[in-house]
Amino acid sequence: MVRLLLLPALAALAATPCRGASETNVAATGVILEGTTQQVFQIKGVIKELKPDGKTVEIRHEEIPHYMPAMTMPFEAKEPKELTGLKAGDAVSFRMTVTSSEVWIDQVRKLAPPALTELPSRGTFRFVRDMAPLQVGDPLPEYRFTNELGQAVSIKQFSGQALAITFIFTRCPLPNFCPRMSSNFAEAQEKLLRLPNGPTNWHLLTISFDPDFDTPVILRAYSQRFGANARHWSFLTGDLIDISAISEQFGQMFWRDQGALNHNLRTVVVDASGRVQKIFEGNKWTSQELVAEMLKGAAVKAGSLQR
């Protein structure tokens, strides 16, 4: 069954969005601090939500030229007290610092109310397959994709292998979002390959939810950046209707807001019998945790994927 999905309604369901639309016309600026690997950006945006932890704020911010497009992001404030008195809808300026592994904000200042923006003119709807959510213990359905080599890939061909599946888009620049998913996979790959007498029945699948940009050529270059071993790690693209279906079955949401892409984070382990074993939410899991789950999944009695 195919259904028409109203994408703005999904925004309330997403736990960790990563891109959004511009709320201001003022260009963000950035510098690299001398003697460090830190990049510092001065940015403006609009608060979408203040999280209950008192230190996290979700902001829809402007484009940062030559770095990333306008996004809706949850940021952690270096000093939580800077968020005191702020509320959803407030226009703010802030400083964002990016290191090789972390992102934080400070110097948060409230601005005059933002001007009204136009509603999205396109990209509001997409067709998706009507698929039931998957829970631990459920069999993984059959899906077909195209890998970074331009080859057809079927989930069925991984029968008898433990699978780890994550979702990214290659243009995401912030180190603790999509790049962290890929870095964790790269670390897990190396740990699994170096295990003495370790299992060989495992495979990593990275699925892009930006198929218009993430062609096989782009994915191949991205795979090389992370040192992917093609025997054990594939980067997949395909029809948006199939990407939407498998991602939504695991609670991985992505949608367009005024032309830009937003998403949360999910990583899934499927055991060698073809059943869902573990669903990691967000970006706090480690490569060692993934390796432990893959070893557990590879040890399950192999058989044909159940449907």
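Further up the page is the structure itself.
Residues numbered from 1 in each chain as written. Predicted model: local features only at pLDDT ≥ 70, side-chain atom pairs only at ≥ 80, totals over all residues. Heavy atoms only, no water.

Trainee: An account of the pairing of strand S11 (residues 162–168) is needed here, citing residue identities and associated values.
Mentor: Counting buried residues along S11, 7 of its 7 residues qualify, which places the element largely inside the surrounding structure. Both faces of S11 are covered, namely the face carrying Ala162, Ala164, Thr166 and Ile168 and the face carrying Leu163, Ile165 and Phe167. Regarding topology, helix H1 (residues 178–194) serves as the crossover connection from S11 to the parallel strand S12 (residues 202–208), and that connection is right-handed. Bridge count between S11 and strand S16 (residues 266–270): 4 bridges; the pairing is antiparallel. Along S16, the bridge assignment pairs Ile165 with Val268. (Buried < 20%, exposed > 50% of the residue type's maximum accessible area, 1.4 Å probe, protein only. Helix = DSSP H or I, 4+ residues; strand = E, 2+ residues; numbered from the N terminus. Right-handed = clockwise from strand over helix to strand, strands pointing away. Pairing = 2+ DSSP bridges.)

Trainee: Give me the lowdown on the side chain of Arg180, citing residues and values where you can.
Mentor: Along the chain, the position of Arg180 falls in helix H1. Residue classification places Arg180 among the buried positions, given a relative accessible area of 16%. Setting aside its immediate chain neighbours within four residues, Arg180 contacts Ser101, Glu102, Pro175 and Asn283. (Contact = heavy atoms within 4.5 Å.)

Trainee: Which residues make up the pattern of salt bridges, and what values do they have?
Mentor: This model, assessed by the stated rule, comprises 9 salt bridges. Here Asp210 ties to Arg171 by a salt bridge, and the two come within 2.7 Å at their closest N and O atoms. Of this pair, Asp210 sits in the loop between S12 and helix H2 (216–225) while Arg171 sits in the loop between S11 and H1; the two residues are 39 residues apart in sequence, bridging distant segments of the chain. Using a relative accessible area of 1% as the deciding quantity, one classes Asp210 as buried. Among the ionic contacts, a cluster of salt bridges with common partners joins Glu49, Lys51 and Glu58. (Salt bridge = Lys/Arg side-chain N within 4 Å of Asp/Glu carboxyl O.)

Trainee: Go over the nonpolar core with me, naming the residues and quoting the values.
Mentor: In terms of nonpolar packing, the biggest core is built from 71 residues, with Phe75, Phe94, Met96, Ile105, Leu174, Leu290 and Met294 touching the most fellow members. Apart from the residues lying within four places of it in its own chain, the contact partners of Leu174 are Tyr67, Met68, Met73, Met96, Val98, Val103 and Pro179. (Core = buried A, V, L, I, M, F, W, Y, C linked by side-chain atoms within 4.5 Å.)

Trainee: An account of the sheet that holds strand S13 (residues 233–237) is needed here, citing residue identities and associated values.
Mentor: What the 7 strands build is an open sheet, ordered S10-S9-S13-S12-S11-S16-S17; its pairing is mixed. Of all strands in the sheet, those bounded by a partner on one side alone are strand S10 (152–154) and strand S17 (276–281). Direction aside, the axes of adjacent strands within the sheet are offset by 30 degrees on average. Where S16 meets S17, 5 bridges bridge the pair, whose relative direction is antiparallel. Within the sheet, the bridge partner assigned to Thr267 lies in S17 and is Phe280. Of the strands in this sheet, strand S9 (144–147), S11, S12 and S13 are in contact with H2, which crosses S13 at around 150 degrees. Of the strands in this sheet, S11, S12, S16 and S17 are in contact with helix H4 (residues 287–299), which crosses S17 at around 170 degrees. (Axes fitted to C-alpha atoms, helices over the stretch in contact; angles between N-to-C directions.)

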